[in-house]
Structures are given as C-alpha cells and as structure tokens.
Amino acid sequence: MTFKTIIEPFRIKAVEPIRMTTREQRQRLLDDAGRNPFLLRADDVLIDLLTDSGTGAMSAEQWAGIMRGDESYAGANSYYRFAAAVEDIFGFHHALPTHQGRAAERILFSTMCKPGDVVPNNTHFDTTRANIEYVGAAAVDLPIPEGLSPSASHPFKGNMDVDALRRLIARHGREKIPLVMLTVTNNSGGGQPVSMANIKAVRAVCGEAHIPLYIDACRFAENCWFIHEREPGYADAAIIDIARELFSYADGCTMSAKKDGLVNIGGFLATNDDALAKQEAALLILTEGFPTYGGLAGRDLEAMAIGLREVLEPDYLRYRIASTAYFGRHLTDIGYPIVQPPGGHAIYVDAAALLPHIPARSFPGQALLGELYLTGGIRAVEIGSVMFGKTDETSGEETTASMELVRLAIPRRVYTQSHVDYCIEVMADVYKRRSSIAGLRIVSQAPPLRHFTARFAPVEYTGSLTSLRESGS
Ligand SMILES: *Cc1c(COP(=O)(O)O)cnc(C)c1O
C-alpha cells in the first residue's frame, strides 16, 4: 500500500520561533521599509520566501560534522572528506573550496577568459554574467524558445538551444569561446531542469569544436530528480548514478553549496584539468585562502561533504519537488498565472498577467510583494523592472524588463506543509483583491543593483481621468 500524502522525511529537533504580527503592525513596518521587503528585519517576517540560498536547515549529521571539523590550516581531514565527496559524486579530482559560488566563478573566468571572448549558457545567473563581463568577455544566453514563455509547458524547459550553440560557434569561431556552460537547474529561467539528452547533445557539439563544457551545478540534485521522473530510461536509475552520468559529460563545474550542498555557506570549483587547477589554486590562495580550506572553516567543509550526499536521498528529493509542485498546483487552481510547470526550488508568479492594470513602469511585481507581506507576512522577491530596469537620469522615464515575475523561493527542510497551506490561503485572499492593488513609484534608489535598497511609495492618483490612465488604473 502506498499513501498519497508525501510527508516531510524528517523530525524536528531544534525550532526557531516565528514572531506573529498583525496587519496593522505590518503596515507600519512596510512603510518604514519603503515598501521594499529587502529592508525588513527577518524577525518581522512570518514566512520568508526571499531565497533558497543558504537558508536551509542542516541535519543532525551535519551538526555532528560541525563538531568534528578539523581546523588545521593545511591538509585538514575535513578537506579530504569534502574532496572525496566531490570526486565520488561529480567525478572531478581537483576540488577547490570557495566561500560561495560567485568566488568559484570569479576564479574560473579570470583563468579561462580574456576580453572579447564569448561564453554561452542556457541562461546565465546574474553573478555568473557579472563575473564574465568583469573580465571583458560576453555572456550569451541560449535557452530553447519554450524557456522564454512562462505558460509554455515542456518537461525540460531549462534546455539549451543546441542549433543556436552551433551557429554561435560558427559565427565567433571556437578560439573566441573558451568554455560553454549549462546551469542545472536553470535558475534565471524559472528553476527549470535540463535533460540528459540535451547535456549529451551540448557535449557532442563542444567535443567537435574542442571547447570545454562546465556545469553551474547549484541545483544538480533537483535536476537529477527531474531526469529520474521525466526522462525515458532513468526511472530505475539511482539519483547518484544520474549525477555521475551528468557530470561525466563535463570538464568541470562551479557550485554554490548554499543550494544543493544543504549548507548555509560554501561552494567550490572542480575540474579534471591538472594545468588549469594549478592556475586556479594560485588565484584561490590570493583571495580566498590555502587550497585545503579556500576561505571556509574546516567545519564548513565537513558539513558540505555530508550535505552533498544527503541531498541525493530519494525521499528528500521526492518531498522537495512534491512540495514545490503542490504549492504551484494550488496557486494555479486559484487562478494565479505562474511559470509552468513549477521548477525545483521556487514558484514564479507572472505579476504582469496577474495585475494587468499596473503598467511595468509602476512595478506590478513590487506591488504584489507589498500585498503578500501586508496580508500574511510573506516575503518574496521581485524579478522584473525593479531588478533589471533603469530610470533615465534626465527624462525620469523607466526602462522596463521583459518579464515581471515574483519569485517565491522555498528554503530546504525549513517549512512544513501547513506553512505552505497558510501561504496558499493568504495568496487566495490577495487574488480576490488583485484589481485594487496600486502600482508604485520609486522615491529613492542607488543603482546598480537598486532592488536591494530602493524605496517606494504608491502611485498617487490626482482624480482626473487622464492621470488615472497615465498611472495605469
Ligand atoms: C546562487 C547561484 C550562483 C551564485 O552562488 P552564490 O553562492 O550566491 O555566490 C550561481 N549560479 C546559480 C545558478 C545560482 O543559483
């Protein structure tokens, strides 16, 4: 007998209290924060869906590992346990620990790229793109067309457009392309998985052109679970074997262990290229630390070694992906337009479609964030014109983004089903009142990365019909 309820596959040993607040209190707190949830204190948030990065809960085994951590400067046991886990799962014999993913990216691109180079990816994450551009190279996104349409359904919407990759190589020549990257799952594209077939096809193109393939591995376990569930031929394969096959097609990877490493801080850069690893280790020493700790404490390496194995447990992944899908299914039933199908780590609401009365220049995503917080103390993040847009300094006109999304990211092993049910109830209430949600204008901002600090106020209506139309009501 199998039961349909998928339970959280853990018991809770330590608890963190959630401080309850009233709507009136939240109204004051949100006003004080300039309607920007980044400026709220975490204590004033009931359910924090700002990010899944570094916000997960560690297991009893990981906490035991923290105690076992070897803090020797060089050659610590914890490093060897970490390196053995990386070699066993990912198959790379050089593993350079870094404090988080972006440090691995900086070292990789400073070593492999030069000005004028081009680095393709299914979709670059923002720190990946920034680190490529920092060394003077161009970051090019080559998602399949379905990946750009929120409502289009496809089992592997994170795939790379292989023909577009071929054309890119033909156009620039392989000398200009020091590496190709694949991000699994595709975070910026909605947490969508990449199929093994696509990874193999990309590998084949890279092989012909003699270009190394690197994986941005942040959510590798979630991607492997989707392959297990959706790709013919993998239903009976062990998750760890799917991971081993996936990385066998790659020459190296970057990893933010704050995601599928199940730790609060840490990352690594891995490769099988001996000469490259030497150069990378030299840079690591310069800014991160000696190669057997790389800016982390021994205990962090210990927790990472354990987390990388725990994340591959089928019961964990089944619960993880089912709880994201459950959240997505209920929001869809309410009427929310979301990126379909739900990805691994988050639900993305299409705020432009939900709030058609708010034009992009009045930030529908940011307006929705405020309403989620006021109604139920839920914190989420805008991925739209606040994050990617710009205000023209002379005209005051807004450049807007191509999509107005709100991301509800789900921390790992932190919230239970009743927390998710609460979020669904809050969002059902917000949905009923959606046509009365007002747009926002920016009161102050500090570009670049203005979304972290900008302050907002509701768009003011003067009462005349033209200004109402102007403000999109
Ligand atoms: C989080 C993330 C990174 C960067 O990792 P940090 O640990 O935040 O520096 C890179 N790529 C992807 C896909 C990510 O999700």
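Remember, predicted model here, so these are calculated numbers, not experimental data.

(A) Spotlight on the overall build of the chain. What the chain contains, in helices and strands, is 17 helices and 16 strands. On C-alpha atoms alone, the chain measures out to a radius of gyration of 23 Å, which is about the 23 Å that the 2.2 N^0.38 rule sets for 473 residues. The principal-axis extent of the C-alpha atoms belonging to the chain is close to 70 × 55 × 45 Å. Across the 473 residues in the chain, those meeting the buried criterion constitute 55%. A separation threshold of at least 6 residues defines the contact pool for the chain, and within that pool the share at least 24 residues apart is 72%. Of the roughly 20400 Å² of accessible surface on the chain, 55% is carried by carbon and sulfur atoms. Computing the positive centroid from 47 side-chain charges and the negative centroid from 56, the chain places the two 2 Å apart.

(B) Quick look at the pattern of salt bridges. Tallied over the full model, the rule gives 26 salt bridges. Residue D44 pairs with R19 through a salt bridge whose shortest N-O separation is 2.4 Å. A residue pair is termed long-range when its members are at least 10 positions apart, and D44 in the loop between α1 (23-32) and β1 (47-48) and R19 in the segment before α1 qualify at 25 residues. For R19, a relative accessible area of 38% puts it in the partly exposed group. A salt bridge links D52 to R412, with the shortest nitrogen-to-oxygen separation between them at 2.9 Å.

(C) The arrangement of the packing of helix α12 (residues 314-334) against helix α16 (residues 417-432) in detail. The interhelical angle for the contact between α12 and α16, taken along N-to-C directions, is 20 degrees, at an axis separation of 10 Å. As the angle between them shows, α12 and α16 are arranged roughly parallel. For the pair α12 and α16, the crossing hand works out as right-handed. Contact residues: α12 offers Y326, F327, H330, L331 and I334, while α16 offers Q417, V420, D421, C423, I424, M427, A428 and Y431. Its residues assigned to classes, the contact of α12 with α16 shows 10 nonpolar, 2 polar and 1 charged.

(D) Representation of the packing of aromatic side chains in the model. The tally for this structure, following the rule as stated, stands at 15 aromatic pairs. Ring geometry for F90 against F268: centres 5.4 Å apart, planes inclined by 80 degrees, an arrangement best described as edge-to-face. In this pair, F90 is assigned in helix α3 (residues 77-90) and F268 in strand β8 (residues 267-271), connecting sequence segments 178 residues apart. The class for F90 is buried, based on a relative accessible area of 2%. Connected via pairs of aromatic rings, a cluster forms that spans Y79, Y80, F82, F90, F92, F220, F247 and F268. Positioned over the ring face of F125 is K259, at 5.4 Å from the centre of the ring.

(E) Here's a closer look at the side chain of H345. Take H345: it is sitting in the loop between α12 and β9 (346-350). One polar contact links H345 to N187, side chain to side chain, over a distance of 3.1 Å. Not counting residues up to four positions away in its chain, the partners in contact with H345 are D52, T185, N187, G191, R219, E222, R320, R407, L408, A409, I410 and R412.

(F) How the structure looks around the site of the ligand. Taken together, the neighbourhood of the ligand is formed by 15 residues, with R102, D216, R219, S256 and K259 sitting nearest. Q100 has a polar side-chain atom sitting 3.0 Å from an oxygen atom of the ligand. In this structure, an oxygen atom belonging to the ligand sits 2.6 Å away from a side-chain N or O atom of S256. Protein coverage of the free-state accessible area of the ligand, which is 380 Å², stands at 98%. Listing elements by their share of the shell around the ligand, those giving two or more residues are α4 (101-112) and α5 (126-134). Element by element, the count of residues in the shell around the ligand is highest for α4, at 3 residues. Residue composition of the shell around the ligand, by class: 2 nonpolar, 7 polar and 6 charged.

(G) Spotlight on unusual backbone geometry. Look at the link from V184 to T185: it is a cis peptide, with omega at -20 degrees. Locating T185 in the fold gives a position in the loop between β5 (180-183) and α7 (196-209). Across the junction of Q340 and P341, the peptide omega takes the value -15 degrees, indicating a cis bond. Among the secondary structure elements, P341 is positioned in the loop between α12 and β9. In the Ramachandran plot, R35 falls in the positive-phi region, its phi being about 60 degrees despite a non-glycine side chain.

(H) Here's a closer look at the domain arrangement of the chain. In terms of domain boundaries, the chain breaks down into domain 1 (23-52 + 336-470) and domain 2 (60-310). Carbon and sulfur atoms make up 47% of the surface buried where domain 1 meets domain 2, a total of about 1500 Å² over both sides. Among the residues of domain 1 in contact with domain 2, P341, R412 and R413 are the three that bury the most area, contributing 35% of the side total. Our enumeration of links across domain 1 and domain 2 arrives at 4 salt bridges. The partner of R412 in a salt bridge is E222, and the shortest N-O contact between them spans 3.2 Å. On inspection of domain 1 and its partner domain 2, the count reaches 11 residue pairs in polar contact (both at pLDDT 80 or more). A breakdown of the residues in the side of domain 1 that touches domain 2 according to their chemical character gives 6 nonpolar, 4 polar and 5 charged.

Reading the values: rules and limits
- Each chain has its residues counted from 1, following the order in which its sequence is written.
- Per-residue local features are limited, in this predicted model, to residues with pLDDT of at least 70; the limit for side-chain atom pairs, both in listing and counting, is 80 or more; totals at the level of whole chains, interfaces and linings are taken over all residues.
- As a rule here, side-chain values come from all non-hydrogen atoms in the structure, and water together with hydrogens is ignored.
- Helix and strand assignments follow DSSP, with helices taken as H or I runs no shorter than four residues and strands as E runs no shorter than two, numbered in order from the N terminus.
- Each radius of gyration reported is based on C-alpha atoms, and the globular scaling rule is 2.2 Å times the count of residues to the power 0.38.
- Each residue gets one of three labels from its accessible area relative to the maximum for its type: buried under 20%, exposed over 50%, partly exposed in between, using a 1.4 Å probe on protein chains only.
- Note on definitions: a residue-residue contact is assigned when non-hydrogen atoms from the two residues lie within 4.5 Å.
- Using the Shrake-Rupley algorithm and a 1.4 Å probe, accessible areas are obtained, with residue cover drawn only from the displayed protein chains.
- Only four residue types enter the tally: Lys and Arg on the positive side, Asp and Glu on the negative side, with His and both chain ends excluded.
- Charge placement uses NZ in Lys and CZ in Arg. For Asp and Glu, CG and CD serve respectively.
- Only one rule defines a salt bridge in this text: a Lys or Arg side-chain nitrogen within 4 Å of an Asp or Glu carboxyl oxygen.
- Convention adopted: a line fitted to C-alpha atoms gives each axis, helices being fitted over their contacting stretch, and angles between N-to-C directions are expressed from 0 to 180 degrees.
- An angle counts as roughly parallel when it lies under 35 degrees, as roughly antiparallel when it exceeds 145, as roughly perpendicular when it falls between 65 and 115, and as oblique in every other case.
- In this scheme the crossing of two helices becomes right-handed for a clockwise turn of the near helix relative to the far one and left-handed for an anticlockwise turn of less than a right angle.
- Residues are grouped as follows: Ala, Val, Leu, Ile, Met, Phe, Trp, Tyr, Cys and Pro are nonpolar; Asp, Glu, Lys and Arg are charged; every other residue, Gly included, is polar.
- Here the aromatic set is Phe, Tyr and Trp, taking the six-membered ring for Trp, and pairing holds for ring centres within 6.5 Å; pairs whose planes are under 30 degrees apart are stacked, those over 60 apart are edge-to-face, and all others are tilted.
- We call a charge positioned over a ring when the NZ of a Lys or the CZ of an Arg lies within 6 Å of the ring centre and within 35 degrees of the ring normal.
- As used in this structure description, the phrase polar contact means that two N or O atoms lie within 3.5 Å; if the pair is within protein, one of them must be able to donate a hydrogen and the other to accept it, and residues adjacent in sequence are counted only when both atoms belong to side chains.
- Note on terminology: near, applied to a residue and a molecule or strand, indicates that one of the residue's heavy atoms is within 4 Å of it.
- Annotation comment: domain bounds sourced from an automatic or database domain assignment.
- Accessible area that two parts lose when put together, with a 1.4 Å probe and added across both, is what the buried area reports.

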